[in-house]
Each structure stands twice: as structure tokens, then as C-alpha cells.
Amino acid sequence: MPENRTEVKEYPMLRGIVSMNGYVPSFMKERYQVKPVTYLSVFLTDGELDPIFPPKVGQQNYEFFKEEGAYVLYKTYETEHEIGEENKLDVVEWLLSNYQSSQLLNK
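Quick look at the structure, then. (Residues numbered from 1 in each chain as written. Predicted model: local features only at pLDDT ≥ 70, side-chain atom pairs only at ≥ 80, totals over all residues. Heavy atoms only, no water.)

Some points on the pattern of salt bridges
Threshold: Within this document, salt bridges are pairs made up of a side-chain nitrogen of Lys or Arg and a carboxyl oxygen of Asp or Glu, the two lying within 4 Å of each other. Runs of E in the DSSP output that reach at least two residues are strands. Runs of H or I that reach at least four are helices, and both are numbered from the N terminus.
Enumeration over the complete set of coordinates arrives at two salt bridges. The shortest N-O distance in the salt bridge between Lys 75 and Asp 90 comes to 2.8 Å. Residue Lys 75 is located in strand β3 (residues 71-77), and its partner Asp 90 is located in helix α4 (residues 85-105); the two are separated by 15 residues in the primary sequence.

Quick look at the structure:
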């Protein structure tokens, strides 16, 4: 979870992102000013054999969010462009962990 708790309170509605087999379009990075994301926890996942969004795309996504100051976790799985059981379990674990962390911040 982000260390700067004051920023979390500025954006109470969105605290995390899960992206499975996706990407950040280059036009978004080029045309739009990126809002602060230091309050975000981001979980990115990709299939190691994905022909649509290969892991190099996921690595670029990871680097983008990291450079912008988000707390980022990036994992790959032995799949193609699909969501496997291990990926699903990891997402549930990540969501529960982030929910519990957000509950602690709200106290």
C-alpha cells in the first residue's frame, strides 16, 4: 500500500487497479496529463505465452505505473491470452489484502 496516506484520502473512490492481459495505450500517455497515482495499488498480470499482449507489454505497463509513483505488483502465468485458475486466486488474494489495508487506513 502507498506510504503517503494523506493522498489516499484525496481520492477515496479509487484505490486500486487490476489489469489482466491488458495495456496502457500510448496515446493516453502522450495526449493526457497523468493524474497523481501515488495513492494507487496496481496488480498487473499477463500470460507468458500471450500472442496479443506479450510480457514485454506488461513490463512496459509496470514501468509506467512505477515511474508515476504507484505501488505495483506484476506477475506472469504459464498461459496464453487467458485467465488461469492461479491468476484468479492471486487476484482474489490481492483484492482481499488491499481491502484489509484500506480498512486500516480509514480507522
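Still to come is the rest of the account.
Topic: the side chain of Thr 79
To be explicit about the condition: Whether a residue is buried, partly exposed or exposed follows from its accessible area with a 1.4 Å probe, protein chains only, as a fraction of its type maximum: under 20%, in between, or over 50%, in that order. It only takes one pair of heavy atoms within 4.5 Å for two residues to be counted as in contact.
For Thr 79, the position within the fold is in the loop between β3 and α4. Residue classification places Thr 79 among the buried positions, given a relative accessible area of 14%. Among residues more than four places away in sequence, those in contact with Thr 79 are Gly 47, Glu 48, Leu 49, Asp 50 and Gly 84.

With respect to the pairing of strand β2 (residues 41-47)
Regular strands place their side chains on alternate faces of the sheet. The criterion, for reference: Criterion used throughout: strands pair if DSSP finds at least two bridges between them. A clockwise path from the first strand over the helix to the second, with the strands pointing away from the viewer, defines a right-handed crossover.
Counting buried positions along β2 yields seven of seven residues, so the element is predominantly enclosed. Because side chains alternate across β2, one face comprises the buried residues Ser 41, Phe 43, Thr 45 and Gly 47, and the other comprises Val 42, Leu 44 and Asp 46, equally buried. Direction of pairing for strand β1 (residues 16-20) relative to β2: parallel, over a ladder of five bridges. Looking at the pairing, Ser 19 lines up with Leu 44 of β2. Once you follow β1 into helix α2 (residues 26-31) and on to β2, the crossover reads as right-handed. Looking at chain direction, β2 and β3 are connected through seven bridges and run parallel. Bridge pairing links Gly 47 to Tyr 77 in β3. For the segment spanning β2, helix α3 (residues 55-67) and β3, crossover handedness is right-handed.

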